[in-house]
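Tertiary structure, described
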Amino acid sequence: MKKISLGLCLLLSTYAFSANLHYSLIKKESGKEGSTLLIIGGIHGDEPGGYFAPMLLAKHYKIESGNLWVVPNLNFDSIVKNARGINGDMNRKFAKMEPKDKDFEIVTEIKKLILHPKVDLTLNLHDGQGFYRTRQINKDFNPKAWGQATIIDQQNMPNAKYGNLAEIAKKVNQETNVDLIEDVHEFNVKNTNTKEQDKAMQQSLTYFAITNNKPAFAIETSKNITDLSHKVFYQLKTIEKFMNEMNIKYTRSFELSQETIKKLLSDDGILEIPPTKITLDLATLKPYIKFFPMSKGTLVYNSTNPLVAVLKEKDEYKIMNGNILVSKLKPDFFEFDESLNSVGLIIDGKKISAKIGSLIRAKNSFQVESINGYRVNIIGYSKNGVTNEVGIKVEPKDFIQSYAIDKDETTYMVQFYKDKKFCGMINIKFEDEKKSKK
Ligand SMILES: [Zn+2]
């Protein structure tokens with residue numbers, strides 16, 4: 001028996017369920033003097049390279065000097081719909097906007113953040129069309145393309161620290177272009193000459209920043225690169241070069257390679273639903289779960305991943321990780337009772353006390369010890385004539401596997417009730433001996 005440590009303290013975003021999702025701001029501060037870099041991801045909801053990269057920044061980087069502020073999910077409502085902008089293009093709302101615009105609040109707030117006296121430089125992350133090249137080569141490689149480019153609005157800003165935009169972009173790209181996954185992925189500097197030549201870009205986030213004397217760049221990986229881990233690799237690589245340029249010192253908990261990033265991206269994070277602390281490991285969760293107890297009141301949830309959202313759709317809940325659907329829950333609604341904190345279990349013959357909401361591993365069997373006033377329902381197990389399933393030794397073979405909540409079909413919900421009120425659950429994962437010895 002082993003309890004899984006969840007490390008929830010690392011990064012905990014809390015959401016009260018509502019129709020509108022709000023972005024998160026994760027401030028990574030070293031406590032030591034230095035520049036502050038603001039990263040903004042997800043202004044366009046269908047450009048996942050632009051939001052999964054800052055999610056990994058938020059989760060796995062530590063800042064040793066200077067500061068890194070990360071907004072991984074600016075246009076969160078559009079991210080979970082995998083749409084460029086459900087209320088129109090958010091990156092065309094920075095010059096002027098009607099107060100009745102549905103993006104008004106978010107754009108107004110993020111403008112304030114960009115102008116914060118502490119912020120020295122802002123990066124706005126995207127996935128763009130094709131591969132930017134200064135000369136016309138073909139339909140994917142040409143001056144009109146946006147992908148694999150560092151975008152600047154003008155050559156320089158004479159009065160700003162880090163105002164030598166063209167120079168910085170060129171240097172960063174030269175460094176990013178070492179060890180490309182494929183040679184055609186090379187980065188180039190695209191100057192949109194926004195003031196003279198680009199009416200549309202005059203309404204963009206970066207142009208708003210530079211007209212307020214705040215240096216800003218857009219980083220565009222290519223939509224034509226289909227493997228998300230490749231895009232995230234290039235985004236992180238470029239962001240690291242900017243940090244070097246700004247003398248922001250960092251450490252990360254992994255080696256920067258496309259393979260490691262792929263592995264990190266496969267971890268969807270942990271979802272915790274209070275008040276009874278239901279804890280789900282999203283990476284292993286089945287795509288559809290029935291009989292999931294939910295409170296009739298407002299849904300509140302926490303996740304270790306800032307891109308996780310729980311959305312109500314008809315009579316189901318969708319769990320999203322960015323634009324990826326992780327699972328659907330078919331709820332059973334209950335009033336919740338928070339009086340139960342822990343229960344006694346016998347795991348493989350050994351007595352333990354288990355906290356409500358925890359995930360417990362067992363090899364061969366488990367049994368719930370009786371608790372006065374509470375009823376136990378083991379989902380996927382049934383015995384004729386038994387309504388309170390305490391004191392019964394249950395083994396993997398006793399279960400109907402389709403009721404398991406994980407893809408391996410080895411994890412089952414043990415739910416606790418007081419009268420008709422739900423008091424929480426414990427999840428039991430059966431692990432065979434060989435696997436757990438690994
Ligand atoms: Zn974009």
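Under an unreviewed UniProt entry, the name given to the protein is Putative periplasmic peptidase, and the source organism is Sulfurospirillum halorespirans DSM 13726.

**As for the overall build of the protein**
The secondary structure content of the protein amounts to nine helices and 26 strands. By its C-alpha atoms, the protein is 80 × 50 × 45 Å across when sized along the principal axes. Taken across its 438 residues, the protein has 55% of its residues classed as buried. Intrachain contacts of the protein at a sequence separation of at least 6 include 69% that bridge at least 24 residues.

**Observations concerning the packing of aromatic side chains**
Any aromatic ring pair is given by two values, namely how distant the centres are and how the planes are angled relative to each other. As enumerated under the stated definition, the model contains 20 aromatic pairs in all. The structure contains a cluster of three or more aromatic residues connected by ring pairs, namely Phe-366, Tyr-381, Phe-399, Tyr-412 and Phe-430. Against the face of Trp-69 rests Lys-27, its NZ or CZ located 4.1 Å from the ring centre. Geometry around Phe-254 places Arg-252 over its ring, the cationic atom sitting 5.8 Å from the centre.

**Thoughts on helix H3 (residues 104-114)**
Burial in H3 covers these residues: Ile-106, Val-107, Ile-110, Lys-111, Leu-113 and Ile-114. Projection of H3 onto a plane perpendicular to its axis shows the buried side chains occupying an angular sector of 160°, all on one side. Exposed residues on H3 whose side chains face more than 90 degrees from its buried face are Glu-105 and Lys-112. If you follow the buried residues of H3, they end up packed against strand S3 (36-40), strand S5 (67-71), strand S6 (121-128) and helix H6 (205-211).

**Describing helix H1 (residues 49-60)**
Between its terminal C-alpha atoms H1 stretches 16 Å, which fits the 16 Å expected from twelve residues at 1.5 Å a residue. Of all twelve residues in H1, twelve are buried, a share of seventy percent or more.

Conventions adopted
Sequence order as written defines the numbering, with residues in each chain counted from 1. Given that this is a predicted model, residues contribute local features only at a pLDDT of at least 70 and side-chain atom pairs are listed and counted only at 80 or more, while totals for whole chains, interfaces and linings are drawn from all residues. Excluded from the side-chain calculation are hydrogens and water; included are all heavy atoms of the structure. Going along the chain from the N terminus, every DSSP run of H or I of four or more residues is numbered as a helix, and every run of E of two or more is numbered as a strand. Exposed residues in this analysis have more than 50% of their type's maximum accessible area, buried residues have under 20%, and partly exposed residues fall in between, with area computed by a 1.4 Å probe over protein chains only. A contact between two residues is defined here by any heavy atoms of the two lying within 4.5 Å. Here the aromatic set is Phe, Tyr and Trp, taking the six-membered ring for Trp, and pairing holds for ring centres within 6.5 Å; pairs whose planes are under 30 degrees apart are stacked, those over 60 apart are edge-to-face, and all others are tilted. Charge-over-ring placement is defined geometrically: NZ (Lys) or CZ (Arg) within 6 Å of the ring centre, and within 35 degrees of the ring normal. It is the directions from the helix axis to the C-beta atoms whose arc is reported. Helix span is expected to be 1.5 Å times the residue number reduced by one.

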